[in-house]
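# Structural overview for review
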Amino acid sequence: MRASLTAIFACVALASLSAAPSWRSILKQPADWYGSAEALAVGQAVIAYQNETGGWPKNTDMTAPPSAEFLARSAKEKAPTIDNGGTTTQIRLLARIAQATGDEHLTVAVRRGLRYLLDAQYDNGGWPQFYPLRKGYYSHITYNDNAMVNVLEILRDAAAGEEVWAGLVDEAMRAEMRQAVERGLACILATQVRVDGRLTVWCAQHDENTLEPAPARKFEPASLSGAESVGIVRFLMSVEQPSPQLVTAVKAAVAWFEATALPGKRAERSKEDQVLLDDPKSDTWARFYELGTDRPIFLGRDAVVHYDLTEVEHERRTGYGYYGSWAQDLIGKEYLAWLRQLARQSEHPVLFIAGDSTAADKPRLTDPERGWGQALREIVKPGWHVDNRALNGRSTKSFIDEGRWDELLADLRAGDWVIIQFGHNDEKVNSPDRYTDPAPGGTYRANLTRFVHEVRARGAHPVLAPSVARRKWNDAGTDLVPTHGDYPDAVRAVAAAEGVPLLEMEERTTALERSLGLEDSKALHLWYDEGALPTRPAGVQDDTHYSPMGARRVAILVAEELRRLELPIAEMVDWTAISEAPTP
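Note that the structure is predicted; figures quoted are calculated from it, not measured.

## Some points on the environment of D32
With respect to the element layout, D32 can be found in the loop between helix 1 (2-18) and helix 2 (37-49). Exposure remark for D32: the relative accessible area of 65% places this residue in the exposed category. It is 27 Å that separates the C-alpha atoms of D32 and K58, two residues lying 26 residues apart in sequence.

This is the structure in structure tokens:
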């Protein structure tokens, strides 16, 4: 019996290996699969579906030749499109198989597909959902389901002529594709919706003539998209040498995502319903936001606007994604990486920050915690960059031991500046992986001295800063109590010994806390009652870390210190923007 079962399992395994992959996973196969006889057979089947215009239809399994049922469909049902991965999926697949097998028929099909995409582009740079054009919303510039972004990505990759595209397309066509991508980028920037002078994001469709937001199906209104706009921003961030206009567009879109999030919520859709659940670790966005108000809106097949999803019919609630966590990784991870990449490309000196959580970027923009280094980035002139390497929980010791310091040095160029502020975690005696001794000859001063020497060895400029003050008041609530012991004086001693500029951040932040008093100084930090903050439902009373208002106030103090010391890097600060902005 055991032998029989073994034989059965072996047969099943062999059958699984020989079975063609599903169309849904066709671009996710192991690299060697695309050179197999099975892949070649799939490629030949895909060619049989190619329209005379060079495009392909959507929502069709093409792992096998066209069936009688498919052939019997109307021309409209088989119309070529870029919707739902149509055409772009087929081109990418055939390019991989053609490169791996050398099959010329597949290469020709790839070129025809790329030509289809080039022919379909409007003069304004956009793409319709269907080409040849169909009446109705199908002719709108289509960002829906990443249709236009998919086209731009494939043209960009093919134009580069690398990897799977090597030798498949000649230089003339590559040049044409590069021009198409440039026009597409211009279209994206031109269609970014501006509300009362403020740049926001994009609609899923835009009118092909006016470029204004446009509706599609009855439940897809002209609106701001919390879904499709994510793919657009990702594409913009992939541009290697972004223009100032593109950088502005990305930053404005991220700010919109931050402002329109539904923090502490997780969407769940099932056959029963689509609901939002409380989840402090998750953030959600609506698919449609009302133009002019940024309110989430929901429409059913009756095209009536609702502000509550429960008012939409059950069939739509369970059959359409009105909510999603689309922007969570974009604004929490990818955006910060993109800002760091921009800094590497800067024509101006870059201001690096090495430090702890009080300065660090907080990737979850839907939560109020901010670092002053994060806020400093928001008050510099266009074209200047802050590369914030500060991280939560780090001391001089752990920053070195984890390789963080070496990573910073690797990106440091001659003429750059580095603000170094540690101490909060160096003080932790019971944390041997972080504690350092501030006494003369101790590890804290040694680490700071090492930082200074190694920055200067690269032709860059070190700046030291004692830790910012904690909000710790005496029992009477009449004065602030120092909490950093000997560490601030240790920083001052190293600065004096090495001739390094010193930002007096302990003194400046102590004065700031005192000026606000016992109660009002809470606004600089994270003070929220239970239930007041979706991302921290239990409430929080944190006297160390900063709120957005506190981070900005401290960032301005840093900028003022740079100016007081007459350091050349102070040129990066946009003093006009600071003076014109309302006091937080």
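On we go from here.
## Some points on the pairing of strand 17 (residues 540-546)
For strand 17, the buried fraction is high: five of the seven residues fall into the buried class. For strand 16 (residues 525-528) and strand 17, the ladder comprises four bridges, and the chain directions are antiparallel. Looking at the pairing, L526 lines up with D542 of strand 17.

## Remarks on the packing of aromatic side chains
Enumeration over the complete set of coordinates arrives at 18 aromatic pairs. Between the aromatic rings of W405 and F451, the centroid separation amounts to 4.2 Å while the plane-to-plane angle is 35°, which identifies the pairing as tilted. Residue W405 is located in helix 14 (residues 404-411), and its partner F451 is located in helix 15 (residues 443-457); the two are separated by 46 residues in the primary sequence. Plain terms: the ring middles of Y444 and Y487 are 4.9 Å apart, the flat faces sit at 70° to each other, and that makes the pair edge-to-face. Linking Y444 in helix 15 with Y487 in helix 16 (residues 487-498), this pair joins segments that are 43 residues apart in sequence.

## Brief notes about the UniProt feature "domain: SGNH hydrolase-type esterase" (unreviewed entry) in the protein chain
Look at the UniProt record and you will see "domain: SGNH hydrolase-type esterase" (unreviewed entry) annotated at residues 355-525. The straight-line gap between the two end C-alpha atoms of residues 355-525 is 18 Å; of that span, 36% is helix and 8% is strand.

## Section: helix 15
Over its 15 residues, helix 15 runs 21 Å from end to end, which matches the ideal 21 Å to within 8%, given 1.5 Å per residue. Considered for burial, the residues of helix 15 that qualify are Y444, N447, L448, T449, F451, V452 and V455. The inward-facing, buried residues of helix 15 abut helix 13 (396-401), helix 14, strand 14 (417-421), strand 15 (461-464) and helix 16. Taken from the residues just after helix 15, G459 is the one with a positive phi, measuring 75°.

## Considering the pattern of salt bridges
Counting across every chain of the model gives 47 salt bridges. Notably, a salt bridge pairs R287 with E228, separated by 2.7 Å at the nearest N-O pair. Of this pair, R287 sits in the loop between strand 7 (274-286) and strand 8 (288-289) while E228 sits in helix 8 (residues 228-237), placing them 59 residues apart in sequence. With relative accessibility at 4%, the residue E228 sits in the buried group. One salt bridge connects D489 with R492, and the closest N-O pair in it is separated by 2.8 Å. Here the residue D489 and the residue R492 both occupy positions in helix 16, the gap between them amounting to three residues, near one helical turn. Of the residues examined, R492 reaches a relative accessible area of 19% and is grouped as buried. One continuous salt-bridge network, built from bridges that share partners, spans R340, R344, D387, R389 and D411.

Rules and cut-offs
- Residues numbered from 1 in each chain as written.
- Predicted model: local features only at pLDDT ≥ 70, side-chain atom pairs only at ≥ 80, totals over all residues.
- Heavy atoms only, no water.
- Helix = DSSP H or I, 4+ residues; strand = E, 2+ residues; numbered from the N terminus.
- Buried < 20%, exposed > 50% of the residue type's maximum accessible area, 1.4 Å probe, protein only.
- Pairing = 2+ DSSP bridges.
- Phe/Tyr/Trp six-rings, centres within 6.5 Å; stacked < 30°, edge-to-face > 60°.
- UniProt positions renumbered as here; feature names shortened; annotations may be inferred.
- Expected span 1.5 Å × (residues − 1).
- Contact = heavy atoms within 4.5 Å.
- Salt bridge = Lys/Arg side-chain N within 4 Å of Asp/Glu carboxyl O.

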